[in-house]
Amino acid sequence: VVGHTELDNVNISGVTTFVGNIDANSNLDLLGDLDVDGHTELDNLNVSGIATITTLGLSGDIDVDGHTTLDNVSISGVTTIFNTTDNVLGDSNTGALQIDGGLGVDKNVTVGGNLDVQGYSNFVGVVTFRGGTINLGDANTDDINIGGEFVSDLVPDETNLYSLGTLAKQWKDLYIDGTADVDA
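Residues numbered from 1 in each chain as written. Predicted model: local features only at pLDDT ≥ 70, side-chain atom pairs only at ≥ 80, totals over all residues. Heavy atoms only, no water.

Points about the overall build of the protein
Turning to step 1, where the next piece is worked out: Each helix and strand in the protein was counted, giving zero helices and eight strands.
Turning to step 2, where the next piece is worked out: Going from the N terminus to the C terminus, the protein shows its helices and strands as β-β-β-β-β-β-β-β.
Turning to step 3, where the next piece is worked out: Counting all 184 residues of the protein, 14% fall into the buried class.
Turning to step 4, where the next piece is worked out: Put simply, 4% of the contacts in the protein that link residues at least 6 apart link residues at least 24 apart.
Turning to step 5, where the next piece is worked out: Here the protein has roughly 16100 Å² of accessible surface; of this, 49% comes from carbon and sulfur atoms. (Helix = DSSP H or I, 4+ residues; strand = E, 2+ residues; numbered from the N terminus. Buried < 20%, exposed > 50% of the residue type's maximum accessible area, 1.4 Å probe, protein only. Contact = heavy atoms within 4.5 Å. Areas by Shrake-Rupley, 256 points an atom, 1.4 Å probe, with all protein chains shown as cover.)

Shown next, in the form of structure tokens:
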């Protein structure tokens, strides 16, 4: 097919290459390969084999059973991925959805499971950690650098249990503008 083509119902079992536009008002079922070079608008696309699509604009459903490569996809509606394959924490090549490039998100993000971030993390604005235990570092060789200032009390979980410094690693100076209540 070289020019503009409107198809009501097409079943293709072999390798098919489309150079022009494809407007499918009904179902397009492919059992083989599909290579699309031009703009494509499909109401329903069911692909059970290998599909390589350069540009795809969909106003209906797309069901893909085989391996699919999409170069540029614009999605305007709600998108749900029904594959429930879990991600192995720390391995970005696992899970139901894998993105090899960068990801930009302009709205809220909710993670229903665990989150593992590798590399640098930069939080701008207010960050709140709620519930459970917050661990900073996992060894005494990790550094914790606080560039801001405390705007709340620094209170231990239990009285007379935790120390501030050790005999080998002591704090240098102590500045107090108030009462010091020292038992010993």
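Read on for the rest.
Some remarks on unusual backbone geometry
Turning to step 1, where the next piece is worked out: Positive phi values are uncommon outside glycine, yet asparagine 160 reaches one of about 60°.
Turning to step 2, where the next piece is worked out: Mapping asparagine 160 onto the fold places it in the segment after strand E8 (68-73).

A word on the side chain of threonine 94
Turning to step 1, where the next piece is worked out: Topologically, threonine 94 is positioned in the segment after E8.
Turning to step 2, where the next piece is worked out: In this structure the side chain of threonine 94 is engaged in a polar contact, spanning 2.9 Å, whose partner is the side chain of asparagine 87.
Turning to step 3, where the next piece is worked out: Ignoring any residue separated from it by four or fewer positions in sequence, one finds threonine 94 in contact with Asn87 and Val88. (Polar contact = N/O pair within 3.5 Å; in protein donor to acceptor, adjacent residues only side chain to side chain.)

So, the environment of leucine 97
Turning to step 1, where the next piece is worked out: Relative to the assigned elements, leucine 97 resides in the segment after E8.
Turning to step 2, where the next piece is worked out: Sequence separation between leucine 97 and asparagine 87 is ten residues; the distance between their C-alpha atoms is 8.9 Å.

What to know about a nonpolar patch on the surface
Turning to step 1, where the next piece is worked out: A cluster of nonpolar side chains, Ile81, Leu97, Ile99, Leu103, Val105, Val109, Val111, Leu115 and Val117, forms an exposed patch at the surface whose accessible area comes to about 900 Å².
Turning to step 2, where the next piece is worked out: Tracing the sequence through the fold places leucine 103 in the segment after E8. (Patch = residues over 30% accessible without salt bridge, like charges linked within 9 Å, V, L, I, M, F, W, Y side chains within 5 Å. Salt bridge = Lys/Arg side-chain N within 4 Å of Asp/Glu carboxyl O.)

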